[in-house]
Amino acid sequence: MVERVIVHRLTGWNAVKSRVEQLGLNLTDDEVKDATAKIKELADVRTQSMDDVDSLLRIYHSGIQSGELAVGQKEALDRLLQQHHETSRERQLLGDVAVAA
């Protein structure tokens, strides 16, 4: 049985903090709250799956660790998310080409 968890606008930062810990990511409370704000912003546009949230948290953590991101840098986070989506799209297209060949 596959458990599907849907994240929405009312998801609290404590739930996100718990997920951060489950993923083994090291984020401060302020960083978790910042990531939660982005999750809620995205949830206003469309419902977020657990995979969506996990991906965002991993990208956020990576940005913090690399120094590309700090708390409150919304534009930097948007840029990192966009880069991730473009890279994922390219990988998917390359995979589709390989399967077709």
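> So what about the overall build of the chain? Which residues, and what values?
When you go through the chain residue by residue, the secondary structure sums to 4 helices and 2 strands. Expressed as a percentage of the 101 residues in the chain, the buried residues total 29%. Taking the contacts inside the chain whose residues are at least 6 apart along the sequence as the reference set, 59% of them involve residues at least 24 apart.

> Go over helix H2 (residues 29-45), please, and point to the residues and values.
Since the α-helix turns once every 3.6 residues, residues separated by three or four places project in the same direction. Look at H2: 25 Å from first C-alpha to last across 17 residues, which is about the 24 Å you get at 1.5 Å a residue. Listed as buried for H2 are Glu31, Val32, Asp34, Ala35, Thr36, Lys38, Ile39 and Ala43.

> Tell me about helix H3 (residues 50-66), and please be specific about residues and values.
End to end, H3 covers 24 Å across 17 residues, agreeing with the expected 24 Å (1.5 Å per residue, within 8%). Val53, Asp54, Leu56, Leu57, Ile59, Tyr60, His61, Gly63 and Ile64 are the residues of H3 that are buried. Once H3 ends, the next one or two residues include glycine 67, with phi positive near 85°.

> Which residues make up the packing of aromatic side chains, and what values go with them?
Scanning all chains against the criterion turns up 0 aromatic pairs. Here lysine 33 stacks its cationic end above the ring of tryptophan 13, 4.6 Å away from the centre of that ring.

> I'd love a proper account of the pattern of salt bridges, names of residues and values included.
One pass over the structure, following the stated rule, counts 8 salt bridges. Salt-bridge contacts for arginine 19 lead to aspartate 54; the nearest nitrogen and oxygen are separated by 2.7 Å. Taken together, the residues span a long stretch of sequence, with arginine 19 in helix H1 (residues 13-22) and aspartate 54 in helix H3 at a distance of 35 residues. With a relative accessible area of 21%, arginine 19 lands in the partly exposed category. Close ionic contact of aspartate 78 with lysine 38 constitutes a salt bridge, the shortest N to O distance being 2.4 Å. With aspartate 78 in helix H4 (residues 74-100) and lysine 38 in helix H2, this pair connects stretches of sequence that are 40 residues apart. Each of Lys38, Glu41, Lys74 and Asp78 takes part in salt bridges that share partners, so that together they form one network.

> Please provide a residue-by-residue account of the side chain of aspartate 34, values included.
Residue position: aspartate 34 is located in helix H2. Buried and unpaired, aspartate 34 has lysine 38 as its nearest opposite-charge partner, separated by 9.6 Å.

> Account for the packing of H1 against H3, naming residues and giving values.
The packing of two helices is summarised by the inter-axis angle and the distance between the axes. Between H1 and H3, whose axes approach to 11 Å, the crossing angle comes to 70°. Here H1 lies roughly perpendicular to H3, going by the angle between them. Contacts between H1 and H3 pair Val16, Arg19 and Val20 from the former with Met50, Asp54 and Leu57 from the latter.

How each quantity is defined
Residues numbered from 1 in each chain as written. Predicted model: local features only at pLDDT ≥ 70, side-chain atom pairs only at ≥ 80, totals over all residues. Heavy atoms only, no water. Helix = DSSP H or I, 4+ residues; strand = E, 2+ residues; numbered from the N terminus. Buried < 20%, exposed > 50% of the residue type's maximum accessible area, 1.4 Å probe, protein only. Contact = heavy atoms within 4.5 Å. Expected span 1.5 Å × (residues − 1). Phe/Tyr/Trp six-rings, centres within 6.5 Å; stacked < 30°, edge-to-face > 60°. Lys NZ or Arg CZ within 6 Å of the ring centre and 35° of its normal. Salt bridge = Lys/Arg side-chain N within 4 Å of Asp/Glu carboxyl O. Lys, Arg positive; Asp, Glu negative; His and termini not counted. Axes fitted to C-alpha atoms, helices over the stretch in contact; angles between N-to-C directions. Parallel < 35°, antiparallel > 145°, perpendicular 65-115°, else oblique.

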